[in-house]
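Observations on the three-dimensional arrangement
The residues making up each chain are set out below.
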Amino acid sequence: MPLLLLALLGCQGGGQGACTAMLYLEFPTGERSEIDFCAGWALEAEYEFDPDDEPEVRDATLALAATVEEGFECRILLREQGACGEGTYLIEDGDTSIAMTISDCEGVPDAYEG
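Residues numbered from 1 in each chain as written. Predicted model: local features only at pLDDT ≥ 70, side-chain atom pairs only at ≥ 80, totals over all residues. Heavy atoms only, no water.

This part covers the overall build of the protein chain. Along the protein chain, the regular secondary structure elements total 0 helices and 7 strands. Helices and strands in the protein chain line up, N terminus first, as β-β-β-β-β-β-β. Taking as baseline every contact in the protein chain between residues at least 6 positions apart, the subset at least 24 positions apart corresponds to 38%. Accessible surface, the protein chain as shown: approximately 7600 Å² in total, 49% of it carbon and sulfur. (Helix = DSSP H or I, 4+ residues; strand = E, 2+ residues; numbered from the N terminus. Contact = heavy atoms within 4.5 Å. Areas by Shrake-Rupley, 256 points an atom, 1.4 Å probe, with all protein chains shown as cover.)

Below is the structure:
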């Protein structure tokens, strides 16, 4: 399983605005790949509504793709379930998940494709 070293994300506007999502993957062999995941992206959220307060995000999903070509798979899906306000959410808390499909990502060693 590759290690996601760094994710600098700056996406605005539901897939049509500016996007900065250079991610670095490091593999157990020591090989490292830098991939731009802004070819396609989407940000979705589920909210909790209270008539007396502003809506609060409870479930956020960010989908990033390095290619939108049919038949090629290079994407990352980040999901935070059960958010409860601003702050830092750790992956190991069980509510945050990352799913990677790196079969066709440029720079991924052959042993990790497929």
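Bringing a negative patch on the surface into the picture now. Together, E31, D104, D110 and E113 give the surface a local cluster of negative charge. Among the secondary structure elements, D110 is positioned in the segment after β7 (96-101). (Patch = residues over 30% accessible without salt bridge, like charges linked within 9 Å, V, L, I, M, F, W, Y side chains within 5 Å. Salt bridge = Lys/Arg side-chain N within 4 Å of Asp/Glu carboxyl O. Lys, Arg positive; Asp, Glu negative; His and termini not counted. Charge placed at Lys NZ, Arg CZ, Asp CG, Glu CD.)

Before going further, it helps to spend a moment on the sheet that holds β7. If you walk across this open sheet you meet the 4 strands as β4-β5-β6-β7, and the pairing is antiparallel. Strands at the two margins of the open sheet, each flanked by one partner only, are β4 (40-48) and β7. Within the sheet, the average angular offset between the axes of one strand and its neighbour, ignoring direction, is 10 degrees. Summarising the sheet, strand β5 (residues 56-65) and strand β6 (residues 75-81) pair through 7 bridges and their orientation is antiparallel. In the sheet register, A63 faces β6, and the bridge partner there is L77. (Pairing = 2+ DSSP bridges. Axes fitted to C-alpha atoms, helices over the stretch in contact; angles between N-to-C directions.)

Our focus in this paragraph is the state of the cysteines. Covalent bonding between the sulfur atoms of two cysteines is what defines a disulfide. One pass over the full model with this rule turns up 1 disulfide. Here C74 pairs with C105 through a disulfide, and the sulfurs are 1.9 Å apart. On the sign convention where negative is left-handed, the bridge of C74 and C105, at about 105 degrees about the S-S bond, is right-handed. Of this pair, C74 sits in the loop between β5 and β6 while C105 sits in the segment after β7, and the two are 31 residues apart along the sequence. Of the two residues examined, C74 and C105, each falls in the buried class. (Disulfide = S-S within 2.5 Å. Buried < 20%, exposed > 50% of the residue type's maximum accessible area, 1.4 Å probe, protein only.)

Structurally, G85 is set in the loop between β6 and β7. Overall, the relative accessible area of 40% leaves G85 in the partly exposed class. Taking the C-alpha atoms as reference, G85 lies 7.4 Å from V57; in sequence the two are 28 residues apart.

A few words now on the side chain of T67. If you trace the backbone, T67 turns up in the loop between β5 and β6. Reaching out from T67, the side chain makes a polar contact with the backbone nitrogen of E69 at a distance of 3.2 Å. Other than its neighbours up to four places away in sequence, T67 contacts A39, F72 and C74. (Polar contact = N/O pair within 3.5 Å; in protein donor to acceptor, adjacent residues only side chain to side chain.)

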